[in-house]
Amino acid sequence: MTTSQPRKSRPRKTFSAFGDIRRMPSDYEVVTHAQNWTMRKNRTSAFEQNPSSPPNLWFLTYRDHSPLQVEDWDQFRDPDALTYRTYVGLQAEAETKTGGVLEQYAEADADATLSPGQVSLLTKIFTPSRYLLHGMQQIEAYLGYLAPTSYVTNTAGFATADYLRRVTLIAYRTRELELAHPDSGAGAADRGVWERHEAWQPARKAIEKALVTYDWGEAFTAFNLVLAPTLDDVLLRQFKEVSRDNGDQESWLLSSYLEEDSARRARWSGALARFTLEHRPENDAVLRRWIDRWAPIADAAAAGLGTLLETLPARGRSAVEVESGARAKREEFLTGIFSGADASTGTERAGR
């Protein structure tokens with residue numbers, strides 16, 4: 001009688017970086033996984049230099065010792081699973097759409113038909129917003145640079161590119177408005193509006209405060225979970241609706257296309273926040289503390305910009321309504337994060 005010998009497990013020939021997954025990693029995972037050199041295994045510091053050097057101490061203090069912690073950040077996945085190739089293809093299509101809108105309305109000389117109130121709105125809120133967006137771009141770049149996993153480095157990098165694209169579009173429209181309405185201040189007075197107009201100062205304060213929030217976790221929470229959802233609701237959704245009400249269909253269309261970038265950033269930001277809650281329940285208190293700190297700052301910024309939507313166009317929207325609408329959108333976003341994490345945790349516990 002012969003006894004069968006236990007089958008020996010075959011050694012893995014590839015994909016060992018993913019652990020015992022028993023499946024073929026996706027293209028997205030293959031080109032994204034463990035690409036962040038500052039998080040390499042068996043490292044003594046982020047960079048291969050003296051552990052007490054300023055760059056290493058910066059990463060140690062503001063990332064590795066951040067109150068927002070997860071045991072294995074490489075388990076996070078972008079809901080859209082974007083790679084550089086898919087992102088470029090996606091945005092090439094988006095540029096075709098916005099380019100078509102710009103060409104169509106330029107041929108129709110649409111800027112010449114804008115009402116005085118709408119021109120004033122464009123030159124007081126739309127064209128100066130590129131200064132705010134430059135700050136947003138820098139924050140996303142910082143988040144990507146300090147991120148504890150390449151899965152976040154990539155998503156933040158794509159969000160940085162989104163803001164650059166948005167700034168470029170606004171700069172293009174600024175020049176068009178300058179040519180069509182040379183006395184409007186478009187292109188010439190934008191910086192002064194950003195630096196000195198009373199309505200812009202709360203938003204300016206908010207973004208400058210976020211730029212010097214060095215802790216990686218708080219910077220992510222402050223911007224991606226609080227400021228960006230609030231300000232984008234004002235500068236995209238509510239601005240486009242007021243523009244449409246005042247006969248500016250071009251601004252309505254362009255803002256609608258830009259909202260797709262904002263929605264994509266919200267998807268991965270919300271997914272990352274839920275990931276931190278599901279993998280470490282203690283992060284709930286950490287996130288809520290930062291959200292409570294930044295929510296009033298975001299509300300003040302929305303209220304300030306709301307005065308422009310109220311007073312400049314013929315058919316405006318009250319500043320109170322602007323602020324409450326932006327707050328409601330942010331709270332809806334945050335509720336989805338915390339309730340989603342609670343539901344996921346409850347499912348895991350029920351299955352144990």
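Refer to the structure presented above.
In what follows, the accompanying structure is described.

Reading the values: rules and limits
Residues numbered from 1 in each chain as written. Predicted model: local features only at pLDDT ≥ 70, side-chain atom pairs only at ≥ 80, totals over all residues. Heavy atoms only, no water. Helix = DSSP H or I, 4+ residues; strand = E, 2+ residues; numbered from the N terminus. Buried < 20%, exposed > 50% of the residue type's maximum accessible area, 1.4 Å probe, protein only. Contact = heavy atoms within 4.5 Å. Areas by Shrake-Rupley, 256 points an atom, 1.4 Å probe, with all protein chains shown as cover. Phe/Tyr/Trp six-rings, centres within 6.5 Å; stacked < 30°, edge-to-face > 60°. Lys NZ or Arg CZ within 6 Å of the ring centre and 35° of its normal. Axes fitted to C-alpha atoms, helices over the stretch in contact; angles between N-to-C directions. Parallel < 35°, antiparallel > 145°, perpendicular 65-115°, else oblique. Nonpolar A, V, L, I, M, F, W, Y, C, P; charged D, E, K, R; others polar. Left-handed = near helix turned anticlockwise from the far one by under 90°.

**A closer look at the overall build of the protein**
Scanning the protein from terminus to terminus reveals 12 helices and zero strands. When the helices and strands of the protein are read in sequence order from the N terminus, they spell out α-α-α-α-α-α-α-α-α-α-α-α. With respect to the three principal axes, the spread of C-alpha positions in the protein is 95 × 45 × 40 Å. Per-residue burial over the protein gives 49% buried out of 352 residues. Across the protein, the fraction of contacts at a sequence separation of at least 24, relative to all contacts at a separation of at least 6, is 79%. On the protein, roughly 17500 Å² of surface is accessible, and the fraction owed to carbon and sulfur atoms is 53%.

**Thoughts on the packing of aromatic side chains**
Scanning the entire structure with this criterion turns up 16 aromatic pairs. Three or more aromatic residues joined by ring pairs form one cluster here, namely Trp73, Phe76, Trp216, Phe220, Trp268 and Phe275. Above the ring of Trp294, the side-chain terminus of Lys209 is found at 5.9 Å from the ring centroid. We note Arg288 situated over the ring of Phe338; from NZ or CZ to the ring centre the distance is 3.9 Å.

**Some remarks on the packing of helix H4 (residues 116-126) against helix H9 (residues 216-245)**
Direction vectors running N to C along H4 and H9 enclose 170°, while the axes themselves pass 11 Å from each other. When the axes of H4 and H9 are compared, the pair comes out roughly antiparallel. Touching Gln118, Leu121, Leu122, Ile125 and Phe126 of H4 are Leu235, Phe239, Val242 and Ser243, all from H9. In terms of residue class, the contact of H4 with H9 is built from seven nonpolar, two polar and no charged.

**Focus: the packing of helix H3 (residues 84-107) against helix H6 (residues 150-180)**
Between H3 and H6, the shortest axis-to-axis distance is 12 Å and the interhelical angle comes to 15°. Taken together, the axes of H3 and H6 are roughly parallel relative to one another. Both H3 and H6 take part in a crossing whose hand is right-handed. From H3, Tyr84, Tyr87, Gln91, Ala94, Glu95, Thr98, Leu102 and Ala106 reach across to H6, where they touch Phe158, Ala161, Asp162, Arg165, Leu169, Tyr172, Arg173 and Glu176. Looking at side-chain class alone, the contact of H3 with H6 contains nine nonpolar, two polar and five charged residues.

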